[in-house]
Amino acid sequence: MKLIAASAHSTAPQGQNVLELANDADPRAVSLAGVDRIDLQFPKFTDGRAFSQAFLLRRRLGFTGEIRATGNVLADQLQQMARSGFTSAVLRADQDLAIAERQLARYAEFYQGDAVQAKPHFLKAA
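These figures come from a predicted structure and were not determined experimentally.

Novice: Which parts of the structure should I look at to understand the confidence of the model for the protein?
Specialist: Any segment with low pLDDT has predicted coordinates that should not be analysed in fine detail. The pLDDT averaged across the protein works out to 88; a share of 90% of its residues lies at or above 70. Mean pLDDT in the protein bottoms out at helix α4 (residues 121-124), which sits at 71, and peaks at strand β5 (residues 88-90), which reaches 97.

Below is the structure:
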C-alpha cells in the first residue's frame, strides 16, 4: 500500500480519471468505465463505511485501479484498509509517516482470506 502524507496530497488528479465517492454512496450505482482511481472518504474514525465500499469495488465489481483512502486516516487502520482493497492512503496531518509504514509492515500474512487474497492461508499451499 502506498502511503501519502497529508501535505503531499493533491486533490487535483494528474493524468488520471478520478472518481470521488462519498461514504454513503453505493459503488454499484456508478459507472466505473474509464476510472483509474477512486477516492473513498473517512469523515471520522468511527465511520467505517469506506471499508465496505472498497471491498465491494474489489471483490464484487472487479475494480482493478487505485482505491485511495482520504480524510480521517489513522496509522492503526492501514492494515485493515489494505486487506479491504485499498491501494493507497492519505494520512491525517497529525500521523507520522514512519510509524504508519512500520504498522503496515507489521504482519506479512493472514490466516483468513480478504479482498486482495480471497483464499485463506491454509488453502494457498494446496
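Novice: Looking at this structure, I do not really get the sheet that holds β5. What am I missing?
Specialist: Hydrogen bonds along the backbone pair up the strands of a sheet, which may run parallel or antiparallel. Pairing is parallel across the open sheet formed by five strands, whose spatial order is β1-β5-β4-β3-β2. Since the sheet does not close on itself, it has two edges, and those belong to β1 (2-4) and β2 (18-21), each with one partner. The average undirected angle you get between the axes of adjacent strands in this sheet is 20°. Both β2 and strand β3 (residues 37-42) contribute to a ladder of four bridges, which runs parallel. Considered in β3, the bridge of E20 is made with D39. Against the sheet, helix α1 (residues 49-60) makes contact with β2, β3 and β4 (66-71), and its axis sits at roughly 160° relative to β3, the strand it touches most.

Novice: I would appreciate a short explanation of the packing of aromatic side chains in the present structure.
Specialist: To describe a pair of aromatic rings, one takes the distance between the centres and the angle between the planes. For the structure on display, the rule yields three aromatic pairs. With centroids separated by 6.4 Å and ring planes inclined at 90°, the aromatic side chains of F51 and F86 adopt a geometry described as edge-to-face. With F51 in helix α1 and F86 in the loop between α2 (78-84) and β5, the pair connects residues that are 35 residues apart, well separated along the chain. Each member of the pair F51 and F86 is classed as buried. One aromatic cluster is present, formed by F42, F51 and F86 through successive ring pairs.

Novice: Quick question: what am I supposed to make of the nonpolar core here?
Specialist: Grouped burial of nonpolar side chains is what soluble globular proteins tend to show. Among the nonpolar cores identified, the biggest contains 23 residues, and L40, F42, V73, L78, M81 and F86 are the most heavily contacted of them. When contributions to this core are tallied by element, the ones reaching two or more residues are β3, α1, β4, α2 and α3 (97-105). Tallying contributions element by element places α1 first for this core, with four residues. When sequence neighbours within four positions are dropped, the list of residues in contact with M81 reads M1, F42, F51, A69, V73, F86 and A89.

Definitions and limits used
- Residues numbered from 1 in each chain as written.
- Predicted model: local features only at pLDDT ≥ 70, side-chain atom pairs only at ≥ 80, totals over all residues.
- Heavy atoms only, no water.
- pLDDT = per-residue confidence, 0-100.
- Helix = DSSP H or I, 4+ residues; strand = E, 2+ residues; numbered from the N terminus.
- Pairing = 2+ DSSP bridges.
- Axes fitted to C-alpha atoms, helices over the stretch in contact; angles between N-to-C directions.
- Contact = heavy atoms within 4.5 Å.
- Phe/Tyr/Trp six-rings, centres within 6.5 Å; stacked < 30°, edge-to-face > 60°.
- Buried < 20%, exposed > 50% of the residue type's maximum accessible area, 1.4 Å probe, protein only.
- Core = buried A, V, L, I, M, F, W, Y, C linked by side-chain atoms within 4.5 Å.

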